Amino acid sequence: LMICLNCFPLFYLNLNEWNGFLKEIIPLLVLFAALFSGCSIQNYTPELVDFNQNSAYTSGDFFCSCNITLDENVVTITATSTNAKGLTVSYNGSEVKYLYGDMSYVIPPEKSTANPAVIIYDAFQELKTNDANNASKTEDGFEYRGTTSIGDFVLLQYDDNTYKSLYFTDADIKFEFY
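Residues numbered from 1 in each chain as written. Predicted model: local features only at pLDDT ≥ 70, side-chain atom pairs only at ≥ 80, totals over all residues. Heavy atoms only, no water.

## Side note on the layout of surface pockets
Convention followed: Every definition here rests on a 1 Å grid over the protein atoms only: cavities are sets of points where a 1.4 Å probe fits but cannot get out, pockets are open sets enclosed by protein on both sides within 12 Å along at least five of seven lines, and lining residues have some atom within 4 Å of a point. Grid points are joined across faces, edges and corners, and a volume is the space filled by probe spheres set on the points. Each residue gets one of three labels, nonpolar for Ala, Val, Leu, Ile, Met, Phe, Trp, Tyr, Cys and Pro, charged for Asp, Glu, Lys and Arg, and polar for the others, Gly among them.
Here the largest pocket is characterised by a volume of approximately 180 Å³. A class-by-class count of the residues in the lining of the largest pocket yields 10 nonpolar, one polar and no charged.

Structure below.
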């Protein structure tokens, strides 16, 4: 196997010409690599939005499927499983209202601090009033952290602004949205 060095024009350049050639081509290669690398800094602005989603609610050994709505600072939870099916609990920041069939009654929030509607309301109010910019980017959305009267919590939100879960680490309370 013989290689004809005359076929490769770079071999005709003397050493000074070769160094000059490299000094010109290397910056161009670096520039092209930077332009076409596809790397960019992604800016994100998470947004805490009102929602209507189904959820699995777990508190200790208790489990219940429910529908949860946050609409204009009112949280409404309607149980869709267990003996509580059909029970609706809502909280607007000043009163907890229970509705079941033809029955309804209202109690002050200080008498139901572990009520799921109060818990969700407090978590969202905490994030809205203490600036949700404490969010960190996750693989599929955002993670918010905060503290309410029952302890620390973590809220996970998908990129499309729907929610994944709300977990109170100190109270063993979890809402998994679906």
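Back to the text.
## Let's talk about helix α2 (residues 116-129)
Stated precisely, the cut-off is as follows: Secondary structure follows DSSP: runs of H or I at least 4 residues long count as helices, runs of E at least 2 residues long count as strands, and numbering of each begins at the N terminus. Expected span of a helix: the number of residues minus one, times 1.5 Å. Think of a polar contact as two N or O atoms within 3.5 Å of one another; within protein, one of them needs to be a possible hydrogen donor and the other a possible acceptor, and neighboring residues in sequence only count if both atoms come from side chains.
With 14 residues, α2 should reach 20 Å at 1.5 Å per residue; the first-to-last C-alpha distance of 20 Å fits that figure. Between the side-chain oxygen of the N-cap and the backbone nitrogen of A117 there are 2.8 Å, and the N-cap of α2 in question is N115.

## Quick word on unusual backbone geometry
Selection rule: Only protein chains enter the area calculation, which uses a 1.4 Å probe; residues under 20% of their type maximum are buried, those over 50% are exposed, and those in between are partly exposed.
At N73, a residue that is not glycine, the phi angle is positive and equals roughly 65°. Its relative accessible area of 35% is what places N73 among the partly exposed residues. Residue T82 is not a glycine yet carries a positive backbone phi of 65°. Mapped onto the elements of the fold, T82 is located in the loop between β3 (74-79) and β4 (88-91).

## With respect to the pattern of salt bridges
Heads up, the condition is: Salt bridges are counted wherever a side-chain nitrogen of Lys or Arg sits within 4 Å of a carboxyl oxygen of Asp or Glu.
On inspection of all chains with the given rule, the structure shows three salt bridges. Where K137 meets D159, a salt bridge forms, and the shortest distance between an N and an O atom there is 2.7 Å. Taken as a pair, K137 in strand β7 (residues 136-137) and D159 in the loop between β9 (151-158) and β10 (163-168) lie far apart in primary sequence, 22 residues in all. Residue K164 is joined to D140 by a salt bridge in which the shortest nitrogen-to-oxygen separation is 3.8 Å. Taken together, the positions of K164 in strand β10 and D140 in the loop between β7 and β8 (141-148) put the pair 24 residues apart, joining distant regions of the chain.

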